[in-house]
Amino acid sequence: MSASAKARLEALANEIRAHKGAGCGFEVCETCTQLVPGVGPASASIVIVGEAPGAKEDAAGVPFVGAAGKFLDSLLAEAEIARDQVFITNVVKARPPKNRDPTRDEVAHHWPWLEAQVEIIKPQLLVPLGRHALARFAPDAKIAEVHGSVLEVDGRRLFPLYHPAAALYNGGLRATLVEDARALGRELS
Ligand code: URA
(Lines give C-alpha, C1' and ligand atoms only; values in the text may rest on other atoms or scores of the structure.)
Protein backbone atom coordinates (compact mmCIF):
# COMPACT_ATOMS: atom_id res chain seq x y z
CA MET A 1 0.00 0.00 0.00
CA SER A 2 1.46 3.32 -1.02
CA ALA A 3 2.08 5.94 1.63
CA SER A 4 0.02 8.31 -0.46
CA ALA A 5 -3.22 6.31 -0.02
CA LYS A 6 -2.69 6.46 3.75
CA ALA A 7 -1.94 10.18 3.55
CA ARG A 8 -4.97 10.82 1.34
CA LEU A 9 -7.25 8.90 3.69
CA GLU A 10 -5.93 10.87 6.66
CA ALA A 11 -6.29 14.16 4.80
CA LEU A 12 -9.88 13.22 3.97
CA ALA A 13 -10.57 12.36 7.63
CA ASN A 14 -9.20 15.77 8.62
CA GLU A 15 -11.38 17.45 6.01
CA ILE A 16 -14.45 15.63 7.37
CA ARG A 17 -13.63 16.59 10.97
CA ALA A 18 -12.99 20.21 9.95
CA HIS A 19 -16.47 20.35 8.40
CA LYS A 20 -17.86 20.82 11.93
CA GLY A 21 -18.34 24.55 12.22
CA ALA A 22 -18.18 25.13 8.46
CA GLY A 23 -21.67 26.63 8.59
CA CYS A 24 -23.17 24.44 5.87
CA GLY A 25 -26.62 24.75 7.42
CA PHE A 26 -27.40 21.01 7.54
CA GLU A 27 -28.87 20.10 10.93
CA VAL A 28 -26.74 16.96 11.42
CA CYS A 29 -23.51 18.89 10.79
CA GLU A 30 -24.56 21.74 13.07
CA THR A 31 -25.89 19.73 16.03
CA CYS A 32 -23.42 16.83 16.26
CA THR A 33 -20.56 16.95 18.77
CA GLN A 34 -18.12 16.07 16.01
CA LEU A 35 -18.13 14.39 12.61
CA VAL A 36 -17.00 10.75 12.64
CA PRO A 37 -14.92 9.96 9.51
CA GLY A 38 -14.27 6.26 10.07
CA VAL A 39 -11.54 3.98 11.34
CA GLY A 40 -9.16 1.54 9.67
CA PRO A 41 -6.23 1.36 7.28
CA ALA A 42 -6.06 2.44 3.63
CA SER A 43 -5.05 -1.17 2.83
CA ALA A 44 -8.36 -2.60 4.12
CA SER A 45 -9.92 -5.37 2.00
CA ILE A 46 -13.43 -4.53 3.15
CA VAL A 47 -15.23 -1.29 3.89
CA ILE A 48 -18.08 -1.77 6.38
CA VAL A 49 -20.75 0.91 6.12
CA GLY A 50 -23.36 1.69 8.77
CA GLU A 51 -25.99 4.39 8.49
CA ALA A 52 -24.91 7.16 10.89
CA PRO A 53 -23.17 7.56 14.25
CA GLY A 54 -25.20 7.14 17.44
CA ALA A 55 -24.71 8.92 20.76
CA LYS A 56 -21.63 6.90 21.81
CA GLU A 57 -19.97 7.36 18.43
CA ASP A 58 -20.78 11.09 18.48
CA ALA A 59 -19.03 11.38 21.85
CA ALA A 60 -16.04 9.19 20.94
CA GLY A 61 -15.49 10.31 17.34
CA VAL A 62 -15.20 6.64 16.33
CA PRO A 63 -17.87 4.50 14.60
CA PHE A 64 -19.44 1.43 16.18
CA VAL A 65 -18.15 1.78 19.73
CA GLY A 66 -21.51 1.01 21.42
CA ALA A 67 -23.38 -2.28 21.89
CA ALA A 68 -23.83 -2.84 18.14
CA GLY A 69 -20.11 -2.22 17.71
CA LYS A 70 -19.22 -4.85 20.29
CA PHE A 71 -21.37 -7.35 18.42
CA LEU A 72 -19.73 -6.26 15.15
CA ASP A 73 -16.32 -6.99 16.74
CA SER A 74 -17.45 -10.49 17.66
CA LEU A 75 -18.75 -11.05 14.11
CA LEU A 76 -15.36 -10.07 12.68
CA ALA A 77 -13.75 -12.52 15.10
CA GLU A 78 -16.18 -15.26 13.93
CA ALA A 79 -15.23 -14.43 10.36
CA GLU A 80 -11.52 -14.56 11.28
CA ILE A 81 -11.15 -11.13 9.75
CA ALA A 82 -8.31 -9.10 11.29
CA ARG A 83 -8.87 -5.48 12.21
CA ASP A 84 -6.23 -4.38 9.71
CA GLN A 85 -8.40 -5.81 6.91
CA VAL A 86 -11.33 -3.58 7.82
CA PHE A 87 -12.30 0.05 7.39
CA ILE A 88 -15.49 0.98 9.26
CA THR A 89 -17.53 4.06 8.48
CA ASN A 90 -21.08 5.32 7.95
CA VAL A 91 -23.06 6.76 5.05
CA VAL A 92 -23.66 9.93 7.09
CA LYS A 93 -20.71 11.06 9.20
CA ALA A 94 -22.66 13.09 11.79
CA ARG A 95 -25.20 11.94 14.37
CA PRO A 96 -28.77 12.89 13.46
CA PRO A 97 -30.53 14.53 16.45
CA LYS A 98 -32.38 11.98 18.61
CA ASN A 99 -31.07 9.27 16.25
CA ARG A 100 -33.69 10.08 13.63
CA ASP A 101 -33.08 8.71 10.14
CA PRO A 102 -30.85 10.95 8.02
CA THR A 103 -32.77 12.86 5.35
CA ARG A 104 -32.21 12.29 1.64
CA ASP A 105 -30.46 15.68 1.41
CA GLU A 106 -28.17 14.85 4.33
CA VAL A 107 -27.20 11.59 2.67
CA ALA A 108 -26.48 13.44 -0.59
CA HIS A 109 -24.44 16.03 1.35
CA HIS A 110 -22.19 13.37 2.93
CA TRP A 111 -22.12 10.79 0.13
CA PRO A 112 -19.05 12.24 -1.71
CA TRP A 113 -16.93 11.55 1.40
CA LEU A 114 -17.88 7.88 1.33
CA GLU A 115 -17.22 7.74 -2.42
CA ALA A 116 -13.79 9.29 -1.83
CA GLN A 117 -12.96 6.84 0.98
CA VAL A 118 -13.93 3.89 -1.22
CA GLU A 119 -11.95 5.31 -4.15
CA ILE A 120 -8.80 5.59 -2.00
CA ILE A 121 -9.14 2.19 -0.29
CA LYS A 122 -10.38 0.23 -3.33
CA PRO A 123 -11.71 -2.62 -1.18
CA GLN A 124 -12.50 -6.11 -2.48
CA LEU A 125 -15.95 -5.85 -0.91
CA LEU A 126 -18.26 -3.16 0.41
CA VAL A 127 -20.32 -4.37 3.35
CA PRO A 128 -23.49 -2.31 3.91
CA LEU A 129 -25.03 -3.02 7.31
CA GLY A 130 -28.81 -3.17 7.34
CA ARG A 131 -31.50 -2.07 4.94
CA HIS A 132 -30.87 1.66 5.17
CA ALA A 133 -27.17 1.44 4.22
CA LEU A 134 -27.98 -1.21 1.59
CA ALA A 135 -30.60 1.07 0.02
CA ARG A 136 -27.93 3.71 -0.63
CA PHE A 137 -25.91 1.30 -2.77
CA ALA A 138 -28.63 -0.93 -4.20
CA PRO A 139 -32.02 0.82 -4.05
CA ASP A 140 -33.95 -2.18 -5.39
CA ALA A 141 -32.36 -4.87 -3.21
CA LYS A 142 -34.07 -6.31 -0.13
CA ILE A 143 -31.81 -7.15 2.80
CA ALA A 144 -33.84 -10.30 3.57
CA GLU A 145 -33.04 -11.61 0.08
CA VAL A 146 -29.43 -10.53 -0.45
CA HIS A 147 -27.76 -10.75 2.98
CA GLY A 148 -24.73 -13.00 3.31
CA SER A 149 -23.73 -13.19 -0.35
CA VAL A 150 -22.03 -11.13 -3.05
CA LEU A 151 -24.21 -8.68 -4.95
CA GLU A 152 -22.76 -6.85 -7.95
CA VAL A 153 -24.17 -3.37 -8.49
CA ASP A 154 -22.75 -0.72 -10.82
CA GLY A 155 -19.38 -2.46 -10.95
CA ARG A 156 -19.19 -2.71 -7.17
CA ARG A 157 -19.08 -5.93 -5.17
CA LEU A 158 -21.35 -5.66 -2.16
CA PHE A 159 -21.69 -8.18 0.65
CA PRO A 160 -24.72 -6.96 2.61
CA LEU A 161 -25.23 -7.98 6.23
CA TYR A 162 -28.09 -7.34 8.60
CA HIS A 163 -27.32 -4.45 10.93
CA PRO A 164 -25.79 -5.81 14.18
CA ALA A 165 -28.15 -3.54 16.16
CA ALA A 166 -31.11 -5.42 14.65
CA ALA A 167 -29.84 -8.63 16.24
CA LEU A 168 -29.78 -6.92 19.64
CA TYR A 169 -33.56 -6.50 19.35
CA ASN A 170 -34.33 -9.63 17.35
CA GLY A 171 -32.37 -12.54 18.81
CA GLY A 172 -33.39 -14.71 15.86
CA LEU A 173 -31.11 -12.68 13.59
CA ARG A 174 -28.03 -13.44 15.69
CA ALA A 175 -27.37 -16.87 14.24
CA THR A 176 -27.99 -15.56 10.70
CA LEU A 177 -25.49 -12.75 11.23
CA VAL A 178 -22.87 -15.16 12.57
CA GLU A 179 -23.40 -17.47 9.56
CA ASP A 180 -23.21 -14.52 7.15
CA ALA A 181 -20.06 -13.18 8.83
CA ARG A 182 -18.40 -16.58 8.40
CA ALA A 183 -19.42 -16.54 4.73
CA LEU A 184 -17.84 -13.10 4.42
CA GLY A 185 -14.62 -14.46 5.92
CA ARG A 186 -14.61 -17.31 3.39
CA GLU A 187 -15.22 -14.87 0.53
CA LEU A 188 -12.10 -12.93 1.53
CA SER A 189 -9.80 -15.90 2.08
N1 URA B 1 -24.97 2.26 14.07
C2 URA B 1 -24.49 2.70 12.90
O3 URA B 1 -25.10 2.52 11.85
N4 URA B 1 -23.31 3.33 12.90
C5 URA B 1 -22.57 3.51 14.00
O6 URA B 1 -21.48 4.08 13.92
C7 URA B 1 -23.09 3.04 15.23
C8 URA B 1 -24.29 2.42 15.24
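Structure: see above.
The model shown is predicted, which means the values in this text are computed figures rather than measured ones.

Enquirer: Looking at this model, I keep getting lost on the packing of helix α4 (residues 67-78) against helix α9 (residues 172-188). Mind explaining?
Expert: Between two packed helices, both the angle of their axes relative to each other and the distance between the axes serve to describe the pair. Relative orientation of the contacting elements α4 and α9 amounts to 45°, with a least axis distance of 8 Å. The orientation of α4 relative to α9 falls into the category oblique. Viewed along their axes, α4 and α9 form a crossing whose handedness is right-handed. Where α4 approaches α9, its residues Phe71, Leu75 and Glu78 are matched on the opposing element by Arg174, Leu177, Val178, Ala181 and Arg182. For the contact of α4 with α9, the per-class residue count stands at five nonpolar, no polar and three charged.

Enquirer: How should I be thinking about the environment of Arg104 in this particular structure?
Expert: Looking at the secondary structure, you find Arg104 in helix α5 (residues 104-121). It is 9.8 Å that separates the C-alpha atoms of Arg104 and Arg136, two residues lying 32 residues apart in sequence.

Enquirer: Explain the packing of aromatic side chains here, please?
Expert: Each pair of aromatic rings is reported with the distance of its centres and the angle of its planes. Scanning all chains against the criterion turns up one aromatic pair. Look at Trp111 and Phe137: their rings are 5.2 Å apart centre to centre, the planes differ by 55°, and that puts the pair in the tilted class. On the criterion of sequence distance, the pair formed by Trp111 in helix α5 and Phe137 in helix α6 (residues 130-137) is long-range, its members being 26 residues apart. Accessibility expressed as a relative area gives 8% for Phe137, which makes it buried.

Enquirer: What exactly am I supposed to notice about the nonpolar core here?
Expert: With 59 residues, the main nonpolar core has Ile46, Ile48, Ile81, Val91, Val127, Leu158 and Leu184 as its most contacted residues. If near-sequence neighbours (up to four positions away) are discounted, Val127 is found in contact with Ile46, Val47, Ile48, Val49, Phe159, Leu161 and Leu184.

Enquirer: Can you help me understand α5 in this one?
Expert: Residues separated by three or four positions in an α-helix point in the same direction, a consequence of the helix having 3.6 residues per turn. Taking 1.5 Å of rise per residue, the 18 residues of α5 would be expected to cover 26 Å, and the 25 Å separating its terminal C-alpha atoms lies within 8% of that figure. At His110, α5 shows its strongest bend, of approximately 40°, with the proline Pro112 following within four residues. Where α5 is concerned, the buried positions are Glu106, Val107, His110, Trp111, Trp113, Leu114, Gln117, Val118, Ile120 and Ile121. Backbone geometry just after α5 places Lys122 at a positive phi near 50°.

About the criteria used
Residues numbered from 1 in each chain as written. Predicted model: local features only at pLDDT ≥ 70, side-chain atom pairs only at ≥ 80, totals over all residues. Heavy atoms only, no water. Axes fitted to C-alpha atoms, helices over the stretch in contact; angles between N-to-C directions. Helix = DSSP H or I, 4+ residues; strand = E, 2+ residues; numbered from the N terminus. Parallel < 35°, antiparallel > 145°, perpendicular 65-115°, else oblique. Left-handed = near helix turned anticlockwise from the far one by under 90°. Contact = heavy atoms within 4.5 Å. Nonpolar A, V, L, I, M, F, W, Y, C, P; charged D, E, K, R; others polar. Phe/Tyr/Trp six-rings, centres within 6.5 Å; stacked < 30°, edge-to-face > 60°. Buried < 20%, exposed > 50% of the residue type's maximum accessible area, 1.4 Å probe, protein only. Core = buried A, V, L, I, M, F, W, Y, C linked by side-chain atoms within 4.5 Å. Expected span 1.5 Å × (residues − 1). Bend = angle between axes of the 7 residues up to and from the residue.

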